[in-house]
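Here's the letter readout for the chains.
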Amino acid sequence: MAISRTLRLVAVPLLFLALWQLAAGRSPSHVIPTPHAVATALSKLAKNGSLEKDIVASVFRITWGFLLACLFAVPLGMFLALYRRTRMALNPLLQLLRPISPLAWIPLSVLWFGIGDSSAVFLIFIACAPTLVLITLAAVSNVKTIYIDAGRNFGLSTANLLWRVILPAAAPQLLSGMRTTLAVAWSVLVAGEMIAVNSGLGFLIMDARNAGNRFDLVFAGMLSIGIVGFVLDAAMGLLERTDFVRWSLADRA
Amino acid sequence: MSSTATSAKLDSPKVRVRDLCLQFERNGKQEKILDHMDLTIQSGEFVCIVGTSGCGKSTLLHVLGGFLAPSSGSIEIDEEEVHGPDPRRIFVFQESGVFPWLNVEGNVGFGLSALPRQERTERVRHYIHLVGLGGFEHTFPQQLSGGMKQRLEVARALAMKPDVLYMDEPFAGLDFITRMEMRKELLRIWQQERKTVILVTHDIDEAVQLGDRVLVLSARPARIRFDVEIGIAHPRDVSSPEYLELRTRILDELGIGHRI
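Basis of the calculations
Residues numbered from 1 in each chain as written. Chains lettered and ligands numbered in written order. Predicted model: local features only at pLDDT ≥ 70, side-chain atom pairs only at ≥ 80, totals over all residues. Heavy atoms only, no water. Helix = DSSP H or I, 4+ residues; strand = E, 2+ residues; numbered from the N terminus. Buried < 20%, exposed > 50% of the residue type's maximum accessible area, 1.4 Å probe, protein only. Lys, Arg positive; Asp, Glu negative; His and termini not counted. Charge placed at Lys NZ, Arg CZ, Asp CG, Glu CD. 1 Å grid on protein atoms, 1.4 Å probe; cavity = no way out; pocket = protein on both sides within 12 Å on 5 of 7 lines; lining within 4 Å. Points joined across faces, edges and corners; volume = space filled by probe spheres on them. Nonpolar A, V, L, I, M, F, W, Y, C, P; charged D, E, K, R; others polar. Core = buried A, V, L, I, M, F, W, Y, C linked by side-chain atoms within 4.5 Å. Contact = heavy atoms within 4.5 Å.

Q: Could you clarify how one ought to interpret the overall build of chain A in this entry?
A: Helices and strands together make up the secondary structure of chain A, namely 11 helices and 0 strands. The principal-axis extents of the C-alpha atoms in chain A amount to approximately 70 × 55 × 30 Å. Buried residues in chain A amount to 42% of all 253 residues. Between the mean site of the 20 positive side-chain charges and the mean site of the 11 negative ones, chain A shows a separation of 7 Å.

Okay, structure coming up:
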């Protein structure tokens, strides 16, 4: 088992690198840079500090945009789950907002917030909030009646019922929905940074192309995006393993 | 019944159900579930309600617990009308209602957040041990067996020191041996705590083994068809003639007969 695992972990990337090298060798160098060229570019970006600066800028934006969206959407979703009339009143608006690509908000966000962090944070917020409201609504509606009945039996007020029963009971579904939303938000951020700001990993890629078709830098930027995105997703995955939500795995089995 | 006012007060029943009806609207039709029920239950009494599947016995318990409002009639507990669930009366659900995100200790202490810390810890400890879950304080429900989960739910209910315990087929999901053990445990705890217990079951043996009194419901719409005192002292001999006779009578009342 251990051997086949190491083999898989080593062999697949090696095979990928070999194919990459092969493809790069058979094409004009600026279309597909060699792995070596990309590694050099990556280390150069790391050394002169611009990689760190861009990663920090991107992670800063996604953190704030996503946090604000959660703080806004989760309470709203819970409220809508409990009050049918408000839900029916707001539902058309939510359904209308959701299919609008967050990228379509770029002109407005630049107009309202200028070129900079707040514009990107706003984009992430608008990309996440409507989906998170609907995810919360679904997660709360799926909470077993038996838990709510038990909570009511113990004399909980509505606020306590939400906090001590409904939120923890909905947490597993909520967290897995948040994880998916975060992944979408990350791809939206990179696209947004190509247009609305002048820093971040998306900007790095755009800038490398505009500054004389430096495709080695473009590849290095793409690789960084993949790695940071993977780390963000893994961090959300860790949250799903806490005792608070791990019970749902046993429940499903 | 009683001639003087004082004894009337003393004799006043714990639970008094008057002319209780419940109907639901289903596909535009009014469907009668509970039909003009009258019932009184004394404090400390252990009452078992049996009936065929789907007769409305579980619905009756939910109405008594305040989870469903009756269509007409009234339920009074301690001469006070029931308008909703109340922490003085705890419901033990058929399908485990313990909170899977809390460990054993967290579940038992769930309803006790108003108590001072010391008293809370003390009471949680007491009831965990009473149901035989000592040593499992930090275990989560998904790591407990079905029987242990059911004990946990009973402990959580008892920790509230309720005066009425509603139990909706609490042992239905357990295997035969665990079920027998749980009955013994429940009797032991009831003899120690003397709560009023109203237990719904489809298992006639369970009813005759546990109850001071057994109510047999008719098929839907449910009416109380038969109300019998089980005058056998605990521990009950399940092969004694009295036991078998009561069992047979209840089977007859359910219209099942006792021969296959």
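Q: What am I meant to see in empty space enclosed by the protein here?
A: To find leftover empty space, a probe the size of one water molecule is rolled over the atoms. Residue and element names in this part refer to chain B. This model, assessed by the stated rule, comprises 3 cavities of 30 Å³ or more. Put simply, the largest cavity is a space of about 60 Å³. Around the largest cavity, the lining residues are Val131, Arg151, Val154, Phe171, Met182, Glu185, Leu186 and Ile189. When residues of the lining of the largest cavity are traced back to their parent elements, those giving at least two are helix H5 (146-158) and helix H6 (176-193). Of the residues forming the lining of the largest cavity, the biggest block, 4 residues, is contributed by H6. In terms of residue class, the lining of the largest cavity is built from 6 nonpolar, no polar and 2 charged. Space inside the second largest cavity adds up to approximately 50 Å³. Forming the walls of the second largest cavity are Val154, Leu158, Leu165, Leu186, Ile189, Trp190, Glu193, Lys195 and Val197. When residues of the lining of the second largest cavity are traced back to their parent elements, those giving at least two are H5 and H6. Of the residues forming the lining of the second largest cavity, the biggest block, 4 residues, is contributed by H6.

Q: Explain the nonpolar core here, please?
A: When a protein is soluble and globular, its nonpolar side chains tend to lie buried together. In terms of nonpolar packing, the biggest core is built from 143 residues, with Leu34, Val108, Ile198, Val214 and Ile250 of chain B touching the most fellow members. If you tally residues by element for this core, the top one is helix H8 (residues 158-193) of chain A, at 14 residues. Apart from the residues within four sequence positions on either side, Leu34 of chain B is in contact with Leu20, Cys21, Leu22, Gly56, Leu60, Val63 and Ala222 of chain B. Trp105, Phe122, Leu123 and Ala196 of chain A belong to the second largest nonpolar core, which has 6 residues in total.

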